[in-house]
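Read off the chains here:
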Amino acid sequence: MKVEYVNPFVCAAFSVIEMVIGVKPVKGTLTARPSLFTSQQCNVITGVTGQVEGQVIYGMSLITADKVASAMLGQPIRTFDQLAASAIGELGNMISGNASTALAEAGFQCDITPPSIVRGTNVKISTLNIPALVVPVMLPDIGEIEIIVSLQDRR
Amino acid sequence: MAKRVLITDDALFMRVTLKNILTKGGYEIAGEASNGLESVELYKQTKPDLVTMDITMPEMDGITALKEIKKADPQANVIMCTAMGQKSMVMEAVAAGARDFIVKPFQPEKVLEAVQKIIG
Ligand SMILES: [Mg+2]
């Protein structure tokens, strides 16, 4: 998997998070995974189609998901309801959407699919052994969001 | 009488956000659609003054819904409100008759300005 496909998602995550959550994220170390899986409790999965295709996952703990949703809604949430889940989903949608714009500008036309939210640990998303690159992003006072990117050129 | 806006977005969070912004701006909400298909139906039923249209949605995407709405009513005022801002997407929306194109995330003022410019 090309590293140049990861940077647009990290850049988009930084600008979207700063704007909708109001904190300055800190980037962690890039690692690789042999296949697309997540060990996080709350995951937003977005699909990418076009000249570049695959999936991008935003994974976080339930506590972080609560804090992210609270920040986006402007008030603490009592239960992780449909509104809170849709806020987390929309965060992933905005990051992937903005990243797809950057990818298109770099010459890789692509579209994204509506986000789906998967809760539960050790979720293997794809049975194909397409490697994934992972960038953890630390949000001060909120927690960590793992950006898991598994994209390849369309065959 | 207050001008009426139909909100279209698959994310409940975004519908609530847009509803708050528009209500505070003095607009009435004609309806809320969670996909393109619902938006086209609600447009015909409620005849709003303006539609906010997301693009990435299940069932029917916002570009298709925009085209369907313009087919039903060539005078329809539709502004796109989407996370995708690639030139090809903006050009397709404008060619299909979208009046404006707002990229998410947005500032509330940006939405009100765009709506005001079109329907006052
Ligand atoms: Mg959407």
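Just so you know, these numbers come straight off a predicted model, no measurement behind them. (Residues numbered from 1 in each chain as written. Chains lettered and ligands numbered in written order. Predicted model: local features only at pLDDT ≥ 70, side-chain atom pairs only at ≥ 80, totals over all residues. Heavy atoms only, no water.)

(A) Representation of the overall build of chain B within the structure. In terms of helices and strands, chain B carries five helices and five strands. Helices and strands appear in chain B in the N-to-C order β-α-β-α-β-α-β-α-β-α. By its C-alpha atoms, chain B is 30 × 30 × 25 Å across when sized along the principal axes. When the 120 residues of chain B are sorted by exposure, 54% land in the buried category. (Helix = DSSP H or I, 4+ residues; strand = E, 2+ residues; numbered from the N terminus. Buried < 20%, exposed > 50% of the residue type's maximum accessible area, 1.4 Å probe, protein only.)

(B) Focus on the nonpolar core. If you look at the biggest cluster of nonpolar residues, it comprises 87 residues, and the most contacted ones within it are A:F9, A:I21, A:V68, A:I88 and B:M80. Setting aside its immediate chain neighbours within four residues, A:V68 contacts A:I21, A:M60, A:I88, A:L91, A:I142 and A:I145. Core analysis: the second largest hydrophobic core is formed by six residues, A:L36, A:I45, A:I57 and A:I148 among them. (Core = buried A, V, L, I, M, F, W, Y, C linked by side-chain atoms within 4.5 Å. Contact = heavy atoms within 4.5 Å.)

(C) Geometry of the pairing of strand β1 (residues 4–8) of chain B. Residues and elements named next belong to chain B. The buried count for β1 comes to four of five residues, which makes it a mostly enclosed element. By the bridge criterion, five bridges tie β1 to strand β2 (residues 28–33) in an arrangement that is parallel. The residue of β2 that forms the bridge with L6 is G31. On the question of chirality, the crossover connecting β1 to the parallel β2 by way of helix α1 (residues 12–24) is right-handed. Sheet topology places β1 next to strand β3 (residues 50–53); four bridges connect them, and they run parallel. Note on β3: the bridge partner recorded for I7 is T52. (Pairing = 2+ DSSP bridges. Right-handed = clockwise from strand over helix to strand, strands pointing away.)

(D) Main features of helix α3 (residues 82–105) of chain A. Residues and elements named next belong to chain A. Between its first and last C-alpha, α3 extends 34 Å over 24 residues, near the 34 Å set by a 1.5 Å rise per residue. Here α3 lies mainly inside the structure; 20 of its 24 residues are buried. Phi turns positive, to about 100°, at G107, one or two residues after α3. (Expected span 1.5 Å × (residues − 1).)

(E) Spotlight on the coordination of the magnesium ion. Residue and element names in this part refer to chain B. For the magnesium ion, the full set of protein donor atoms is D10 (OD), D54 (OD) and T56 (O), at a range of 2.1 to 2.3 Å. In the primary structure, the donors to the magnesium ion are separated according to the pattern D-x43-D-x1-T. Taken together, the positions of D10 in the loop between β1 and α1 and D54 in the loop between β3 and α3 (62–72) put the pair 44 residues apart, joining distant regions of the chain. The class for D54 is buried, based on a relative accessible area of 0%. (Donors = N, O, S within 2.8 Å, 3.2 Å for Na, K, Ca; no water.)

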